[in-house]
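Observations on chain architecture
The residues making up each chain are set out below.
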Amino acid sequence: MKRTIYIFSDGELRRKQNTIYFEGEKGRKYIPVENITEIMVFGEITINKRILEFLSQNEIILHFFNHYGYYTGSFYPREHLNSGYMILKQAEHYLDNEKRLLLARLFVWGAIENIKKVLNYYINRGVELNEIKENIKNLQETIGDCKNVEELMALEGNARDYYYKGFDLILNNPDFVFESRTRRPPLNRLNALISFGNSLLYTVILSEIYKTHLDPRIGFLHTTNFRRFSLNLDIAEIFKPIIVDRLIFTLINKGMIKKTHFEKHLNGIVLNEKGRLLFVEEMDKRLKATIKHQKLRRNVSYRHLIKLELYKLEKHLMDETCYQPFIARW
Amino acid sequence: MFVIMVYDVEVKRVNKVLKTARKYLYWVQNSVLEGDISPAKLEKLKSELKHIINEEKDSIVFYTFRTTRYSSREIMGIRKGGENAII
């Protein structure tokens, strides 16, 4: 399996001896090009055109995050899997209201289904979440009544509001209270974790989209507008509960992440470098963790699961098999 | 799969071998590299090396593991290099 490299230190990234070379204040290191799919940059690095060209040749994506861990952007190399056919199909499904709504509904349905799985896990452990689950279930049943994508987005938002209320019950930790969902900037620690986790997931999915024929600019639930990418946001809805949220619960319940891992920045609260390092490390582990795939009857990693999801979407767009979102079984 | 590559080649070719191997594996210490690699990439690496070495004089050894689960790794003294996903 090709890996992801995370750069936290400051230094220079360049091409040397036909491979990637990083030189920072903490030392120098060669990174094997043939074994890398993406590089996530958190530190301040210097790059030149030569390395970008080289990365492009080797189909490696560079994701940048700013000083506070917010996503800045990606160096998305020229598409290597070009397919006019796929783009047309994707656009067709976007422009045809019926078709777009069907996909959007499936994304929301899948997302809620996975949220319910997470809740179930804690219900079985005696946390009082039944009421929240009931509310979410009721919302889920009205997915069919939504006449446009905006209504679906609102419905999904409402479901998530209920779901986030359950966070306090699940965590039961005075250091991590939820209160309400706040972004840009997140106002408390839990929100900071959610925001950071989600933005990491978005970039991971973007990297996976790059390996398929899909165009990340055309999403279905999220309106395609002048923002760069939206398809990754759609797919992320399905995986957020099972990857990011579960990871956050583990980190907090096991006491791995602490108050000291956060810092105040302007009005908001963000993870500090140590916190980010820990989170990224655990996220990487989680993405590499494998589960038994029901249909394939073999073990696949979470990262691969995302790619399989994209393949299913491709099949759907080509009118081969109807897309069915991945639903966790445990 | 996981691979440990150990090489002993003449000085003239040491750099070339190292340079090639570094594209695929992580440098651990002098003449030793290791890393997770797909079987196809390993073949690619081998064929690249084949063009460099003199098969009469040089030697390269590959130890491959399907999984590292039944092995352990211990370092005495300083850690010179190796795999590290977080820099």
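Let me sum up the structure you'll find in this document.

Here we look at the overall build of chain A
In terms of helices and strands, chain A carries 9 helices and 12 strands. In terms of C-alpha radius of gyration, chain A reaches 20 Å, essentially the compact-globule figure of 20 Å for 330 residues. When burial is assessed residue by residue, chain A has 56% of its 330 residues classed as buried. Of the contacts formed within chain A by residues at least 6 apart in sequence, a portion of 62% connects residues at least 24 apart. When the 51 positive and 40 negative side-chain charges of chain A are each reduced to one mean point, those points stand 5 Å apart.

Quick look at the overall build of chain B
Broken down by element type, chain B carries 2 helices and 4 strands. For chain B, the sequential pattern of α-helices and β-strands runs β-α-β-β-α-β. Against the globule reference of 12 Å for 87 residues, chain B gives a C-alpha radius of gyration of 13 Å, in line with a compact fold. For the C-alpha atoms alone, the extent of chain B along its principal axes is close to 35 × 30 × 25 Å. When burial is assessed residue by residue, chain B has 39% of its 87 residues classed as buried.

A look at the packing of helix α6 (residues 189-210) of chain A against helix α9 (residues 302-317) of chain A
All names here are of chain A. Put simply, α6 and α9 touch, their axes get as near as 9 Å, and they point 55° apart. By the angle between their directions, the pair α6 and α9 is classed as oblique. Crossing hand, α6 versus α9: right-handed. Each of L201, V204, I205, E208 and I209 in α6 lies in contact with α9, whose residues at this interface are R303, I306, K307 and L310.

Let's talk about the environment of E48 of chain B
Residue and element names in this part refer to chain B. The topology assignment puts E48 in helix α2 (residues 39-52). In this structure, the C-alpha to C-alpha distance between E48 and R13, residues 35 residues apart in sequence, is 13 Å. Each residue touching E48, except ones within four places of it in the same chain, is listed here: T20, K23 and Y24. At 2.5 Å, the side chain of E48 and the side chain of Y24 are in polar contact.

What to know about the sheet that holds strand β8 (residues 71-75) of chain A
Residue and element names in this part refer to chain A. The 4 strands lie next to each other as β1-β5-β7-β8, forming an open sheet whose pairing is mixed. Only two strands of the sheet have a single neighbouring strand rather than two, namely β1 (3-7) and β8. With strand direction ignored, the average angle separating the axes of adjacent strands in the sheet is 15°. Relative to strand β7 (residues 61-65), strand β5 (residues 36-41) is paired through 4 bridges, and the arrangement is parallel. Residue pairing across strands places E38 opposite I61, the latter belonging to β7. Sheet strands in contact with helix α1 (residues 49-57) are β5, β7 and β8, and its direction is about 70° off that of β8.

Observations concerning the nonpolar core
Residues and elements named next belong to chain A. By size, the foremost hydrophobic cluster in this structure holds 91 residues, and its most contacted members are L193 and F239. Sequence-distant contacts of L193, that is, excluding residues within four places in its chain, are made with F176, I248, I252, I257, F262, L271 and F279. Counting 18 residues, the second largest nonpolar core, distinct from the first, contains I20, I31, I60 and L62.

As for the interface of chain A and chain B
Taken together, the 23 residues of chain A in the interface contact 16 residues of chain B. Across the chain A/chain B interface, buried area totals approximately 1,900 Å², and carbon plus sulfur atoms make up 54% of it. Where chain A touches chain B, the interface holds 3 salt bridges. With a shortest N-O distance of 3.2 Å, D36 of chain B and R3 of chain A are connected by a salt bridge. Where chain A packs against chain B, one counts 11 residue pairs in polar contact (both at pLDDT 80 or more). Put simply, the parts of the chain that give the side of chain A that touches chain B at least two residues each are β1, β3 (19-24), β4 (27-31) and α8 (273-288) of chain A. Of the residues belonging to the side of chain A that touches chain B, the class tally is 12 nonpolar, 6 polar and 5 charged.

Considering the side chain of N232 of chain A
Summarising the element assignment, N232 of chain A is placed in helix α7 (residues 231-253). Within polar-contact distance, the side chain of N232 of chain A engages the backbone oxygen of Y202 of chain A at 3.2 Å.

So, the sheet that holds strand β4 (residues 59-65) of chain B
Residues and elements named next belong to chain B. An order of β2-β3-β1-β4 is seen for the 4 strands of this open sheet, with the pairing classed as antiparallel. Both edges of this open sheet fall to β2 (26-29) and β4, since each of them pairs with a single strand only. For this sheet, the mean inter-axis angle between neighbouring strands, taken without regard to orientation, is 25°. Strands β1 (2-8), β2, β3 (32-36) and β4 of the sheet are contacted by helix α1 (residues 11-21), whose axis makes an angle of about 170° with β1.

Observations regarding unusual backbone geometry
Despite not being glycine, Q17 of chain A shows a phi value in the positive range, around 50°. Along the chain, the position of Q17 of chain A falls in the loop between β2 (11-16) and β3.

As for helix α3 (residues 97-123) of chain A
Under the 1.5 Å per step criterion, the end-to-end length of α3 of chain A is 38 Å for 27 residues, consistent within 8% with the ideal 39 Å. Between a side-chain oxygen at the N-terminus of α3 of chain A and the backbone nitrogen of E98 of chain A the separation is 3.0 Å; the capping residue is D96 of chain A.

Thresholds applied
Residues numbered from 1 in each chain as written. Chains lettered and ligands numbered in written order. Predicted model: local features only at pLDDT ≥ 70, side-chain atom pairs only at ≥ 80, totals over all residues. Heavy atoms only, no water. Helix = DSSP H or I, 4+ residues; strand = E, 2+ residues; numbered from the N terminus. Rg over C-alpha atoms; globule rule 2.2 N^0.38 Å. Buried < 20%, exposed > 50% of the residue type's maximum accessible area, 1.4 Å probe, protein only. Contact = heavy atoms within 4.5 Å. Lys, Arg positive; Asp, Glu negative; His and termini not counted. Charge placed at Lys NZ, Arg CZ, Asp CG, Glu CD. Axes fitted to C-alpha atoms, helices over the stretch in contact; angles between N-to-C directions. Parallel < 35°, antiparallel > 145°, perpendicular 65-115°, else oblique. Left-handed = near helix turned anticlockwise from the far one by under 90°. Polar contact = N/O pair within 3.5 Å; in protein donor to acceptor, adjacent residues only side chain to side chain. Pairing = 2+ DSSP bridges. Core = buried A, V, L, I, M, F, W, Y, C linked by side-chain atoms within 4.5 Å. Buried area = accessible area lost by both parts, 1.4 Å probe. Salt bridge = Lys/Arg side-chain N within 4 Å of Asp/Glu carboxyl O. Nonpolar A, V, L, I, M, F, W, Y, C, P; charged D, E, K, R; others polar. Expected span 1.5 Å × (residues − 1).

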